[in-house]
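Here is what each chain is made of, one letter per residue.
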Amino acid sequence: MPDIRRILITGANGVLGESTARYFLERDPECHVFLGVRERRDKAQAVVEAYGDRAFLCPLEITSPDSWAETVRQIESLSGPLSVLVNNAGFHDDALLANMSAGQWAGVLDANLNAVFHGCQAALQPMIRQRWGRIVNIASLSALHSPAGQANYAAAKAGVLGLTQSLAKEAARMGITVNAVCPGHIEGALPAGWDDEQIKAVRRNTPMRRFARPEEIAAVVFFLASVEASYMTGASLKLDGALV
Amino acid sequence: MNLRQRIKEVMASELMLEVSVEDIADDSPLFGPNGIGLDSVDALQLVVALEKHFKLKIGDQNKAREILHSVDTIAKAIEEAGLA
């Protein structure tokens, strides 16, 4: 167990990333949180301003192994070795497979699956040295129920679950756990194209009759990154209000 | 403590070996059925442990195979790098 947890969260400018960063910072007064961002950084910047001495912006190109290596090196020189990685960044670019371009396929696979591979690979070295680490991969309900129009996204996220289980087995004896969460729909992060009728219909079909609040997902990520979650690894947790 | 003994101590503690340090011969293969039976995950840990304890960096995979053959070959690599 490291003296303090150093947590890197990718996609930290998104609803879930920002909420997860705040969750860690509020509940662990010792931790340092590194907010991985690309061009958009207004929400992450607000977190840094609120927790200036423990939150840091981290420009990161998640599809570039070099960028990962540099980020992990910078964290080490600024604060110490990375101990928690939350692979949260990703996006979807939906189309029916018959109409999906090769670019749509490759882009979604690159950002949602290949990036997780690069991130895990970069994070392993400092975690092995510490003989302690927590990797939490944010997958999606789409990995489990593969909706029409999301062949690329569903394949990528299902790949993340496979990667999670394999790496969990490889890293288990080094004190490193690797888990995934599969959130359903999250308030504030609903698909951009949905109109009010679609939102109402999906909410009606969700047994809990509401979408997840981002902090409800963040709470599970927080637990998986904790000391207490020491025997839980290779798991994929479905957080969907019983939708599936 | 001599270098080979230190390497064995590091291996035993970092890899949580079930064999005792005394049972590791300097020239016995570390991997495979005729050796002490390390696997690929142990190899990864060992590379990190050698960097941590002896500052020995092993970047190249083919070179890693040669260096990690036995305690003797690890010691030789550390000595050749001037890190002993």
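Residues numbered from 1 in each chain as written. Chains lettered and ligands numbered in written order. Predicted model: local features only at pLDDT ≥ 70, side-chain atom pairs only at ≥ 80, totals over all residues.

1. Looking at the confidence of the model for chain B
Residue and element names in this part refer to chain B.
- Averaged over all residues, the pLDDT of chain B equals 92, while 100% of them reach at least 70.
- By mean pLDDT, helix H3 (residues 61-67) is the weakest element of chain B at 90, and helix H4 (residues 71-80) is the strongest at 97.
- Both scores are given for the predicted complex: the pTM is 0.90, the ipTM 0.71. (pLDDT = per-residue confidence, 0-100. Helix = DSSP H or I, 4+ residues; strand = E, 2+ residues; numbered from the N terminus.)

2. Some words on the pairing of strand S2 (residues 32-37) of chain A
All names here are of chain A.
- Burial analysis of S2 places 6 of its 6 residues in the buried class, which makes it a mostly covered element.
- Residues His32, Phe34 and Gly36 of S2 are buried on one face, and the alternating residues Val33, Leu35 and Val37, pointing to the opposite face, are buried as well.
- Examined bridge by bridge, strand S1 (residues 6-9) and S2 share 4 bridges and lie parallel to one another. Directly across from arginine 6, in S2, lies its bridge partner histidine 32.
- Following the chain from S1 across helix H1 (residues 15-27) to the adjacent parallel S2, one finds a crossover that is right-handed.
- Here 5 bridges tie S2 to strand S3 (residues 55-59), and the two strands are oriented parallel to one another. Paired with leucine 35 across the two strands is leucine 57, which belongs to S3.
- Regarding topology, helix H2 (residues 42-50) serves as the crossover connection from S2 to the parallel S3, and that connection is right-handed. (Buried ≥ 20, exposed ≤ 12 C-beta atoms within 10 Å, placed from the backbone. Pairing = 2+ DSSP bridges. Right-handed = clockwise from strand over helix to strand, strands pointing away.)

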